[in-house]
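# Analysis of the macromolecular model
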Amino acid sequence: MESYDQKKAWLDEILTTILSKGSIPQGYKPAVPAVVDEFVRTSHSPHPARLSKTYVEPTNECNLNCRTCVRNVWQEPLGKMSDAVFDAVIDGLKAFWPSPTVFFGGFGEPLSHPGIVDMVSRAKQLGSRVEMITNGTLLTAEMSRRLLDAGLHMLWSSLDGTTPESYSDIRLGAELPRVVKNIAQFRDVLNTGFDAQLGIEFVAMKRNIDDLPAALILAYNLGAKHFIITHVLPYSTDMIDQVIYSRGLRDVGYPQPALPKPEGNDVNGQAVAAALRDMKITLAGNNRQTPLDHCPFVVGESGAVRWDGGLSPCVPLLHSYVSYPVERERFSRSWIIGNVAECRLDDLWHTPQHIAFRERVLDFKFSPCTKCGGCEMSENNEKDCLLNTFPTCGGCWWAEGAIRCP
């Protein structure tokens, strides 16, 4: 049987051949921003058994029907996290010290859960840092006040367009003026004495990339301290032509969502310069700040709990879904270690199978499925040509730096 090193050398030779025949996509101009937030890192070497951050999915339901959403294609059941499941989450987190950050988000809209404020409050009482992401449509002034009173430390809001037309073309069912008003109200409440911050996430694609400069300025004016620019992951064939990374990371000159160059005396240029100076910018893409083959979830010592209590090592493995990351279909099967309502979260976390998987991810000796020409093994996450078995991570777009989560 061939060793890992032999197989890796064989794959590297193939990749070198592929890349030597590549070409820089027409019109691509590389851009490295002046300010880029480094990849998710801990202040220590990551440990496979440590839990520093927990993504909690209050619901996988949503009040919108966005063009970019996995909900358009999956067959997963929908629901809201019950009180019993959340009680089990809180009880399990008590076993970890220091208290892990609790991030409310997943594949649904957290503010559509009727108990979300109480969830924030209970997570805060653990001593945890508490964060959340929202589409902003339900973020009323009253909700903002309640969330901040409950102890929310960080709110992320999606903002994928800066005109009513471009925004509604992506976030179907949402109105940009209402969302901007809601975020502004959150800022105003925040400025009354709360120690919290606001972040904006921008999902870059062909239909909205021209809005990026204006989105930076808008986020800055709304008081955001953080700004994430991430690529879109096509979950349906009609979204394939919206990607701006060409055919994938195997292309020479894999394009980033380039940040605009500020012009000296131009008013908009000065506004962009101010935004770049004062906001932390996280830019998805293949550059020196975002290493490849580097799982942000395992390196960041995080895990995820699905709305029904299923514990997973990362957000991408919470649900099963089909996507088209490099124009070909790929099925990703979810991996649920166990249910926190049936077995304690801390016991599930420390199961030998889970710890062994995390050790494997830290080494990241998976087949480079996103970079090679593709074979039948790259069509799912069941196994790969380096003899890894489910779940394999070589085709994960998060690990390749193309997609960023807060």
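Scroll up to find the structure this text is about.
Values in this document were obtained by computation on a predicted structure and should not be read as measured data. (Residues numbered from 1 in each chain as written. Predicted model: local features only at pLDDT ≥ 70, side-chain atom pairs only at ≥ 80, totals over all residues. Heavy atoms only, no water.)

### Things to note about the overall build of the protein chain
- For the protein chain, the count of helices and strands is 11 helices and 12 strands.
- Out of the 406 residues in the protein chain, the part that is buried amounts to 57%.
- Relative to all contacts within the protein chain whose residues are 6 or more apart in sequence, the contacts with residues 24 or more apart total 75%.
- In the form shown here, the protein chain has an accessible surface area of approximately 17200 Å², with 50% of it arising from carbon and sulfur atoms. (Helix = DSSP H or I, 4+ residues; strand = E, 2+ residues; numbered from the N terminus. Buried < 20%, exposed > 50% of the residue type's maximum accessible area, 1.4 Å probe, protein only. Contact = heavy atoms within 4.5 Å. Areas by Shrake-Rupley, 256 points an atom, 1.4 Å probe, with all protein chains shown as cover.)

### Looking at the nonpolar core
- Membership of the largest hydrophobic core comes to 105 residues, with the highest contact counts inside it found for F104, M132, L147, L216, F227, I229 and V340.
- Among the elements that line this core, the one with the most residues is helix 6 (residues 176–190), at seven residues.
- Dropping the residues within four chain positions of it, L147 is found in contact with L111, V117, V120, M132, L139 and L152.
- Core analysis: the second largest hydrophobic core is formed by six residues, V203, V232, M239 and V243 among them. (Core = buried A, V, L, I, M, F, W, Y, C linked by side-chain atoms within 4.5 Å.)

### Focus: the pattern of salt bridges
- In this structure the tally under the stated criterion is 12 salt bridges.
- Between E131 and K53 there is a salt bridge; the shortest N-O distance is 3.9 Å. With E131 in strand 3 (residues 130–134) and K53 in strand 1 (residues 53–56), this pair connects stretches of sequence that are 78 residues apart. Accessibility assignment for this pair places E131 and K53 in one class, buried.
- A salt bridge links D87 to R122, with the shortest nitrogen-to-oxygen separation between them at 2.6 Å. (Salt bridge = Lys/Arg side-chain N within 4 Å of Asp/Glu carboxyl O.)

### Describing helix 11 (residues 352–363)
- In this model, helix 11 (12 residues) spans 17 Å end to end at C-alpha, consistent with the 16 Å of a helix rising 1.5 Å per residue.
- Among the residues of helix 11, those classed as buried are H354, I355, F357, R358 and V361. The buried residues of helix 11 occupy an angular sector of 155° when projected down its axis, which confines them to one face. Opposite its buried face, helix 11 presents the exposed residues P352, Q353 and D363, each directed more than 90 degrees away.
- Along its buried surface, helix 11 packs onto helix 9 (296–299), strand 8 (302–305) and helix 10 (345–349).
- Taken from the residues just after helix 11, F364 is the one with a positive phi, measuring 50°. (Expected span 1.5 Å × (residues − 1). Arc of directions from axis to C-beta.)

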